[in-house]
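Understanding the architecture of this molecule
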Amino acid sequence: MKFIKAGIVLLATIHMNASAQTVTDQKMNKFVDALMAKMTLDEKIGQLNLPQAGDFTTGQASSSNIAQKIQEGSVGGLFNIKGVEKIKDVQKIAVEKSRLKIPLIFGMDVIHGYQTTFPIPLGLSCSWDMPLIERSARVAAIEASAQGINWTFSPMVDISRDARWGRAAEGSGEDPFLGSAIAQAMVRGYQGDDLSRKNTIMACVKHFALYGAAEAGRDYNTTDMSHVRMYNEYFPPYKAAVDAGAGSVMASFNEVDGVPATANRWLMTEVLRNQWKFNGFVVTDYTGIPEMIAHGLGDLKTVSALSLKAGVDMDMVGEGFLGTIKESLKEGTLTEDQINMACRRILEAKYKLGLFDDPYRYCDVKRGKTEVFTPAFRKEARQTATQSFVLLKNDNVLPLKKQGTIALVGPLADAAENMTGTWSVAAEFSKSVSVIQGLKRAVADKAKILYAKGANLTEDAKLEENATMFGKTLHRDGRTTEDLKQEALKIAAQADVIVAAMGESAEMSGESSSRTNLDIPDVQKDLLKELLKTGKPVVLLLFCGRPMTISWESKNVPAILNVWFGGSEAGDAIADVLFGDVNPSGKLSMSFPQSVGQLPFYYAQKNTGRPLPEGKWFEKFRSNYLDVSNDAVYPFGYGLSYTTFEYSQIKLSDTTINRGGSITASVRVSNKGNHDGKEVVQLYIRDMVGSITRPVKELKGFKKISLKPGESQDVSFTINEELLKFYNGDLKYVAEPGAFKLFIGTNSRDLSEANFNLL
Ligand code: NOJ
């Protein structure tokens, strides 16, 4: 066992060798063969069914709506039930009252922590710290498994390049290289090396595929893209998660090549199983099967058969499999082998989770009480949150001193319920640490904190209601906008510095929260302008679940700290960074555009035939806009520190790479400031000439280092043929000979460069 600082036990890394794996597989096959030999067709179809649990109180499971179905053997699993006792009760029905006693699998959207909540995934990805991310998934797995959950609908690895799409909050941003590394870290964190351990859970990679490319950033909308783009830019994180051994995959709602993913045989069988060798099971998204009626693919019977034939194994909520595939079998549109195959994959998942050995393996009521929301986990979540914040601007305002009077203003300042952000199914919102609590705790009696809300989230009460759902209220203030503003200005007048906690509410991003306007809501922005007029230093603490359009703020506010939604410990973590107990080191994983008109926006663009000449932002008949430059306000990879890092010129060990060979690129990075600091050193590569057009640069490596003031470190990257490969026009994964540019630096914009050739 290996212990980490916060006292969390990581699993020992035990790699099973190939022959041990074969023996395990043989045992599993034998077990599943024997079980399936006893199953009726109806029982097999029952395993493919994943209904909602419905609402029932502890101890009442046997009289709930679902009990009868479980008893009949028509349910394979349930999801989003919270409470180990409740889960135990339901499992009891399956293993004591159903004919074959097949245990249920219990899923949940454990997206960024269970009860101890970590930053929203987009924030987490800005840490660029894989061990940290893995540990956050590990903590989530320990807590969730302690309360009966053995399957999580995470990681969400959809590449997002359109900030209008609210679900950008749930993923790791715009880049396939970073996204792939994170996908693997999450799978490792959830599953460990042995799924049958009591504290590991099965991952479900979602949403396969291309969900993040919804047209116009509108959720559930159509996607359409070339296969070279899919393979080079959108598929890598899904594949990386599969390579890391993810046990299950969730189909996306959208269509791919005109066929919804849920019925797309090319995607689910050719790509996922034949090309990537995935051997787990595929579940639909919520009502993914019946939604294909609205997509226009036919009636429930038709779409259910299409889905099963495509390679989908489990039907979430739709009851298309349960209700229709027996008839399709009779009519000959399906074969019994297809049903058997899906059933087998689900039974295998249960076997791997150890449920046949002990169906109550994850139902340890004692663990459920002692291993959740522990001080060690909360400490880990607090540290993790500090690593997710991105310092966007700092004109000598931060870190703040713990002295004098601080005016804390804004609708997110006293908003415990909003700190966890979207998708925090198991969190207890009121237990989260708000900004005001965190700041007060940090300064104790050394400084005075004055608070005024200053403004509601938005002027429009209806919009605020839609954006504060699921108990995440911002306690809308009934006073007039003017009264709220005046109260804030009054405390601002008494303060030495103003901290403005503003931006989006937790539910302004996430599922079904697409937006067309990504500005800070007007009523808050007006207040910010008034606060700036006081001439006092203002820090904007920006809460958001996606990049926002903050051109104006970037020019006019002296300090901006982007804090996303930092999780249950957000308030303490914010205080840690504001007062300099922790030096910020987060780097954006998604570019901040100047305007929604630039979306979709990403740094790894193509050059086009009419690129802008260097140093210009507009030229007629070039690829640009009349009204704004092509630049980001804050580019991918960007993030400041309280210290300053200096990069040396790049040193290449050689300027030629032979086939099978490699070269090294290195830089010396020095901490020239006065604070200990962490820096993410980034490597980008551009393939200058190819058989298909290649992006102007692509992230190909990164290293996060820690330096004390005055310290330097050499950071090197190995460049080999493998790193230069891409899918060509025939979808062959190749590295083509010729000239390359290599860039190293502190973000995707501020880089120095060198040249090399691949022979
Ligand atoms: C719909 C969402 O798209 C998916 O991400 C989630 O896992 C399921 N609902 C289950 O809650």
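Structure: see above.
Just so we're clear, the structure is a prediction, and the values are computed from it rather than from any experiment. (Residues numbered from 1 in each chain as written. Predicted model: local features only at pLDDT ≥ 70, side-chain atom pairs only at ≥ 80, totals over all residues. Heavy atoms only, no water.)

Before going further, it helps to examine the overall build of the protein. Looking only at helices and strands, one finds 22 helices and 31 strands in the protein. Since a compact globule built from 759 residues should have a radius of gyration of about 27 Å, the 26 Å found for the protein is in line with a globular shape. Viewed in the frame of its principal axes, the protein has a C-alpha envelope of about 75 × 65 × 50 Å. Across the 759 residues in the protein, those meeting the buried criterion constitute 60%. Counting contacts in the protein only where the partners sit at least 6 residues apart, residues at least 24 apart contribute 78% of the total. In the form shown here, the protein has an accessible surface area of approximately 28,500 Å², with 49% of it arising from carbon and sulfur atoms. Taken as two groups, the 88 positive and 88 negative side-chain charges of the protein have centres that lie 3 Å from each other. (Helix = DSSP H or I, 4+ residues; strand = E, 2+ residues; numbered from the N terminus. Rg over C-alpha atoms; globule rule 2.2 N^0.38 Å. Buried < 20%, exposed > 50% of the residue type's maximum accessible area, 1.4 Å probe, protein only. Contact = heavy atoms within 4.5 Å. Areas by Shrake-Rupley, 256 points an atom, 1.4 Å probe, with all protein chains shown as cover. Lys, Arg positive; Asp, Glu negative; His and termini not counted. Charge placed at Lys NZ, Arg CZ, Asp CG, Glu CD.)

Near the ligand there are 14 residues, and of these Asp 109, Arg 167, Lys 206, His 207 and Asp 285 occur at the shortest range. Side-chain polar atom of His 207 to an oxygen atom of the ligand: 2.7 Å apart, as the coordinates give it. Notes on the ligand: free accessible area 300 Å², of which the protein chains cover 96%. When its residues are assigned to classes, the shell around the ligand shows seven nonpolar, two polar and five charged. (Near = heavy atom within 4 Å. Polar contact = N/O pair within 3.5 Å; in protein donor to acceptor, adjacent residues only side chain to side chain. Nonpolar A, V, L, I, M, F, W, Y, C, P; charged D, E, K, R; others polar.)

With that settled, the discussion passes to the nonpolar core. In this structure, Trp 151, Phe 208 and Phe 235 are the most contacted members of the largest nonpolar core, which totals 120 residues. Formed by 87 residues, the second largest nonpolar core is a distinct cluster that contains Ala 169, Leu 408, Ala 447 and Ile 449. (Core = buried A, V, L, I, M, F, W, Y, C linked by side-chain atoms within 4.5 Å.)

Now for a nonpolar patch on the surface. Side chains of Trp 617, Phe 618 and Leu 626 sit close together on the surface and give an oily, nonpolar patch of about 330 Å² of accessible area. Considering the arrangement of structural elements, one finds Trp 617 in the loop between β19 (592-593) and β20 (632-634). The partly exposed category is assigned to Trp 617, whose relative accessible area is 44%. (Patch = residues over 30% accessible without salt bridge, like charges linked within 9 Å, V, L, I, M, F, W, Y side chains within 5 Å. Salt bridge = Lys/Arg side-chain N within 4 Å of Asp/Glu carboxyl O.)

What follows is about the side chain of Lys 485. On the secondary structure map, Lys 485 appears in helix α19 (residues 481-494). Discounting residues that sit within four places of it in the chain, Lys 485 has contacts with Gly 454, Leu 527 and Glu 530.

What follows deals with the packing of aromatic side chains. Applying the stated rule across the entire model yields 28 aromatic pairs. With centroids separated by 5.2 Å and ring planes inclined at 50°, the aromatic side chains of Trp 151 and Phe 281 adopt a geometry described as tilted. Taken as a pair, Trp 151 in strand β6 (residues 151-152) and Phe 281 in strand β11 (residues 281-283) lie far apart in primary sequence, 130 residues in all. Taken individually, Trp 151 and Phe 281 each receive the classification buried, so the pair is uniform in this respect. (Phe/Tyr/Trp six-rings, centres within 6.5 Å; stacked < 30°, edge-to-face > 60°.)

Looking now at the packing of helix α6 (residues 130-146) against helix α16 (residues 375-388). At a minimum axis separation of 11 Å, α6 and α16 run at an interaxial angle of 145°. In this structure, the crossing between α6 and α16 has a hand that is left-handed. Mapping the contact onto sequence places Leu 132, Arg 135, Val 139, Ile 142 and Glu 143 in α6 and Phe 377, Glu 380, Thr 384 and Gln 387 in α16. Across the contact of α6 with α16, the residue classes break down as four nonpolar, two polar and three charged. (Axes fitted to C-alpha atoms, helices over the stretch in contact; angles between N-to-C directions. Left-handed = near helix turned anticlockwise from the far one by under 90°.)

A separate point is unusual backbone geometry. Omega for the bond connecting Ser 154 with Pro 155 falls within 30 degrees of zero, at 10°, which places this linkage in the cis form. Looking at where Pro 155 falls in the secondary structure, it is placed in the loop between β6 and α7 (176-191). Here Lys 206 and His 207 are connected by a cis peptide whose omega angle stands at -5°. Position of His 207 relative to the elements: it lies in strand β7 (residues 204-208). Phi at Asp 257 takes a positive value of approximately 55°, unusual for a residue other than glycine. By secondary structure assignment, the location of Asp 257 is in the loop between β9 (255-256) and β10 (259-260). On the accessibility criterion, Asp 257 (40% relative accessible area) is partly exposed.

Keep in mind that these numbers describe shape and distance, not what the molecule does.
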